[in-house]
Amino acid sequence: MTDVIDKPDTANPISTRKHGDVLIVLSNNPPVNALGAAVRQGLVAAIEQAEADDSVNAVVIACEGQTFFAGADITEFGKPPVMPWLPEVVDRIEACSKPVVAAIHGTALGGGLEVALGCHYRVALPSAKLGTPEVKLGLLPGAGGTQRLPRVAGVRKALEMCATGNPIGAKEGFDCGLIDRLIEDDLIPHAVGYAEEVRDVRPLPKSSERQYKINECDPAVFEEFRKENARKFRGFEAPDANIRAVEFACKKPYSEGVIEERKLFMELMSGTQSRAQQYFFFAERKAAKIENLPEGTQPRPVQKVGVIGAGTMGGGISMNFLSASIPVTIFEMNQEALDRGTGVMRKNYEATAAKGRMTPDQVEKAMGLLTPTLDFEALADCDLIIEAVFEQMDVKKDIFTRLDKTVKQGAILASNTSYLNIDEIAAVTSRPQDVVGMHFFSPANVMKLLEVVRGAKTAPDVLVTVMGLSKKIRKVAVVAGVCHGFIGNRMLMPRQVEATKLLLEGATPEQVDRVHVEFGMPMGPFQMADLAGVDIGWHRDPNRIENIRDALCAIDRWGQKKGAGFYDYDEKRRPTPSPVVQQIIEDFAKKQGVERRVITDDEIVERTLYTMVNEGAKILEEGMAQRASDTDVVWVYGYGWPVYRGGPMFWADTVGLQNIVDGLKRQEERMGGDFSFSKLLLDKAAAGEKFTK
Ligand code: T1G
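Residues take numbers from 1 onward in each chain, read along the sequence in its written order. Totals for whole chains, interfaces and linings use all residues, but because this is a predicted model, local features are given only for residues with pLDDT of at least 70 and pairs of side-chain atoms are given and counted only at 80 or more. Side-chain descriptors were evaluated using all non-hydrogen atoms of the structure, hydrogens and water having been removed beforehand.

1. Points about the domain arrangement of the protein chain
Point 1. Where each domain begins and ends follows an automated or database-derived domain assignment. Taken domain by domain, the protein chain comprises domain 1 (4-269), domain 2 (305-484) and domain 3 (507-591).
Point 2. Distance from the C-alpha centre of domain 1 to the C-alpha centre of domain 3: 51 Å.

2. Some thoughts on the site of the ligand
Point 1. Here a residue is near a molecule or strand as soon as one of its heavy atoms is found within 4 Å of it. Taken together, 27 residues sit near the ligand, with A72, E114, E134, R285 and K289 positioned nearest.
Point 2. We call two N or O atoms a polar contact when they sit within 3.5 Å, provided that within protein one can donate a hydrogen and the other can accept it, with sequence-adjacent residues counted only if both atoms are side-chain atoms. For the ligand, a nitrogen atom lies 2.9 Å from a polar atom in the backbone of I74.
Point 3. In the model, an oxygen atom of the ligand is placed 2.8 Å from a nitrogen or oxygen of the K289 side chain.
Point 4. Here, Shrake-Rupley sampling with a 1.4 Å probe gives the accessible areas, and only protein chains in the shown set may cover a residue. Out of a free accessible area of 1,000 Å², the ligand has 75% covered by protein chains.

3. As for unusual backbone geometry
Point 1. In the segment running from R202 into P203, the intervening peptide bond is cis, with an omega of -5°.
Point 2. Per the convention used, a helix needs a DSSP run of H or I reaching at least four residues, while a strand needs a run of E reaching at least two, with both numbered from the N terminus. Assignment of secondary structure puts P203 in the loop between α7 (187-198) and α8 (212-215).
Point 3. Of note, the bond from S442 into P443 is cis; its omega dihedral lies within 30 degrees of zero at -5°.
Point 4. One can find P443 in the loop between β15 (435-440) and β16 (449-453).
Point 5. Its identity as a non-glycine residue notwithstanding, R474 has a phi of 60°, on the positive side.
Point 6. With respect to the secondary-structure elements, R474 resides in the loop between α19 (460-472) and β17 (476-480).
Point 7. When accessible area is computed with a 1.4 Å probe and restricted to protein chains, residues below 20% of their type maximum are described as buried, those above 50% as exposed, and intermediate ones as partly exposed. Overall, the relative accessible area of 67% leaves R474 in the exposed class.
Point 8. One non-glycine residue, F486, lies in the positive phi region at around 55°.
Point 9. Assignment of secondary structure puts F486 in the loop between β17 and α20 (488-505).
Point 10. A relative accessible area of 0% places F486 in the buried class.

4. Quick look at the packing of helix α4 (residues 145-153) against helix α12 (residues 254-269)
Point 1. Note on definitions: angles span 0 to 180 degrees between N-to-C directions of axes, and those axes are lines fitted to C-alpha atoms, for helices only across the stretch in contact. The contact between α4 and α12 brings their axes to 8 Å, and the two run at 135°. It follows from the interaxial angle that α4 and α12 lie oblique. For the pair formed by α4 and α12, the contact residues are G145, T146, Q147, R148 and R151 on the first element and Y254, G257, V258 and E261 on the second.
Point 2. Residues are grouped as follows: Ala, Val, Leu, Ile, Met, Phe, Trp, Tyr, Cys and Pro are nonpolar; Asp, Glu, Lys and Arg are charged; every other residue, Gly included, is polar. Per-class residue counts for the contact of α4 with α12 are 2 nonpolar, 4 polar and 3 charged. An angle below 35 degrees is treated as roughly parallel, one above 145 as roughly antiparallel, one from 65 to 115 as roughly perpendicular, and anything else as oblique. Working rule for contacts: check all heavy atoms of both residues, and any pair within 4.5 Å makes them a contact.

5. Things to note about the nonpolar core
Point 1. The criterion is simple. A nonpolar core is a set of buried Ala, Val, Leu, Ile, Met, Phe, Trp, Tyr and Cys residues joined through side-chain atoms within 4.5 Å. With 68 residues, the main nonpolar core has L403, W635, W641 and F691 as its most contacted residues.
Point 2. Apart from the residues within four sequence positions on either side, F691 is in contact with V613, A617, L620, A628, M649, D653, L657, L680, L681 and K684.
Point 3. If you look at the next biggest cluster of nonpolar residues, it comprises 56 residues, including V89, V115, V152 and C162.

6. Considering the UniProt feature "domain: 3-hydroxyacyl-CoA dehydrogenase C-terminal" (unreviewed entry) in the protein chain
Point 1. UniProt positions are given in the numbering used here, feature names are shortened, and annotations may be inferred rather than shown by experiment. The sites that carry the UniProt feature "domain: 3-hydroxyacyl-CoA dehydrogenase C-terminal" (unreviewed entry) are, in the present numbering, residues 485-569 and 604-688.
Point 2. Within the segment residues 485-569, helix and strand shares are 52% and 4% respectively, and the terminal C-alpha atoms sit 30 Å apart.
Point 3. Span residues 604-688 is 72% helix and 0% strand, its end C-alpha atoms 25 Å apart.

7. Section: the UniProt feature "domain: 3-hydroxyacyl-CoA dehydrogenase NAD binding" (unreviewed entry) in the protein chain
Point 1. Here, the residues flagged by UniProt with the feature "domain: 3-hydroxyacyl-CoA dehydrogenase NAD binding" (unreviewed entry) are residues 304-480.
Point 2. Along residues 304-480 the backbone is 41% helical and 20% strand, and the end-to-end C-alpha distance reaches 25 Å.

8. Quick word on the environment of M161
Point 1. Here M161 is to be found in helix α5 (residues 155-164).
Point 2. Spatially, the C-alpha atoms of M161 and T132 are 5.9 Å apart, while their sequence positions differ by 29 residues.
Point 3. Aside from chain neighbours lying at most four places away, what touches M161 is L113, L130, G131, T132, L149, N166, I168 and L178.

9. Describing a positive patch on the surface
Point 1. Patch membership needs two things, relative accessible area over 30% and no salt bridge, and members are linked within 9 Å if like-charged or within 5 Å if nonpolar (Val, Leu, Ile, Met, Phe, Trp, Tyr). Any Lys or Arg side-chain nitrogen located within 4 Å of an Asp or Glu carboxyl oxygen qualifies as a salt bridge. Counted charges follow a simple rule, with Lys and Arg positive, Asp and Glu negative, and His plus the chain ends left uncounted. Note on charges: their place is set at NZ of Lys, CZ of Arg, CG of Asp or CD of Glu. Residues K129, K136, K232, K448 and R474 make up a contiguous surface patch of positive charge.
Point 2. Summarising the element assignment, K232 is placed in helix α10 (residues 230-233).

10. Comments concerning the environment of V39
Point 1. Relative to the helices and strands, V39 resides in helix α1 (residues 37-52).
Point 2. Along the backbone, V39 and H516 are 477 residues apart, and their C-alpha atoms lie at a distance of 44 Å.
Point 3. Aside from chain neighbours lying at most four places away, what touches V39 is P13, I14, S27, N29, A34 and F69.

11. Observations regarding the sheet that holds β16
Point 1. For two strands to count as paired, DSSP must find a minimum of two bridges between them. One open sheet accounts for 8 strands, arranged β12-β11-β10-β13-β14-β15-β16-β17; its pairing is mixed. Across the chains shown, the open sheet's two edge strands, defined by having one partner strand only, are β12 (370-373) and β17. Taking the axes of each pair of neighbouring strands and ignoring which way they run, one obtains an average angle of 25° across the sheet.
Point 2. Where strand β10 (residues 305-308) lies against strand β11 (residues 328-331), 4 bridges are found, and the strand directions are parallel. Across the sheet, residue I308 finds its bridge partner in β11, namely F331.

Encoded structure:
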């Protein structure tokens, strides 16, 4: 859009100006032209102005700044509604007696796309994106989108956009009929030209009146779509509501469809899932903010990244930067390891290209930015070096000692450690202020979470640099303090401890895992152990058997990679309960004199998830996380906590902190009274407070 934007007048974000007989309606409501009350009022006023002015024969609606309207103003949700409602605004635009053209750039999302659908025509820059991401907020398009979109773009496209929330590009929009013309550049002048072309076309093409794309729809598409996405939509309410709304558009006239849409919208809006997903939308953005930084802290330039270790993590980490067009020098100790690592990276890229998500040229471009080396000195001129080697403190200390002697001053020295003490690592260097933790989650080129571990001496500009870089490499970064396991893994530990104790007391691995999967987790603790490797952190001495895990590892039951762990696996890695494991559990229980009993599903939730909440509260009270919502961001993006439950701390608020405390007190009795409560949790429960807003 135009480079220089007048200072926004937030009270009057909509301005109009005439170009010949075309009225240009412009929104200037940074940062994303959200359709707040003033914008809605301004749009209606502009349409009235166009109607009243006989010298106006057409209208163009466009936006200043980074994007066309990016949706309703989410900050207005839950507050008393201010007229006009968005559906009325969209209907008013469509009812205009003169053609209205939407000029789209950036991301026309949610209510923004609905405004565009209310227009008679839509033109867009090729770089523009169009979407209905309401489902990601636990909602559905509530301003006619579920009824207009299938009529314009077709039913299957509408289902995909509404139920998944994934945007499409302008070209795809043009191909399906959602966009009438792609404008290469100078969007507004060309949109005005388009408006001049269509000024006399009648009848005006109204999205709500188009029927042919509805009529050609095969009713079987709905069940097919549900089946195709059953796994992805499991546990969520909003996707099926979106499907039902679109289905309704195919059965009933528009006037009835919008009533059904409104009913479904209000049901979702009043539900816990939508509240959780709206909370999470802001939680994710809040995580990017670092509290109490010196004013004006600027990032250091990062033109070149070094990665030490070309194993699974080092390779995955490197791919994040290569995909963001940042050159990477990757160091290994021997050629065989280096070749294996770079080979895996290429294979991963080629697999992505095979799915059509990258072109072969992009693969070559990414791999072309990679410099494999056996020469440690080759890291000397990197601006950021990330160590991704064996999780052992002396190995890491040795590397950081070498880095300190080799790498230019001002470079950032990061460790990918998932548990170890960053301050201890920093202490072996002469530059602890340049040392930081960057804990990527495996597979590093896929998982979005990045824990940025702030050492006691980590400089503010190092943090600002890494947080900014994380956005560039499409990660969601959360700042963590230096403690064992930082945020995510530290909360994982008590969950695993309780899950294992439940086995001794009478639960089975499949029961514990089923409870977690029914809760909404992608897998339970024992499925996760088998996937990651039961032998992670094992002392490797088959004669030293102190717990169930030792017993499994001692007989080579290391998890999926060995075809057996807590479960037995067939050649397709399908799990079945193992009598061998059950016997091991019972033998251990007997040896430890544990009285086995029937364990209820509710107890499993209490024992595993309430203890996680308690640990999360300790993390907060120790200042190891900046805010409770950061903990939630870690667990949603790092471990697959169902976003429709907000995250462990949001969920605890919905359970009620006093109920959490009561559940933990029941546990304390079972344990003979030595449960370590978080003081913050006890205080908040006693005061009737919450962790999250
Ligand atoms: N309302 C209010 N604030 C919003 C907003 C919105 N819709 N979208 C973004 N912001 C804020 C955000 O909180 C952040 O604030 C700043 O803008 C920059 O955002 C009736 C009911 C548009 C792709 O779901 O996907 O329409 O942290 O960091 O990375 O059917 O924002 O700076 O204070 O994300 O460049 C549907 C949500 C709403 C779109 C830009 N629309 N937004 O990404 O910036 S529901 C959405 C986005 C609806 C109707 C229904 C992204 C973006 P702060 P950002 P970005």
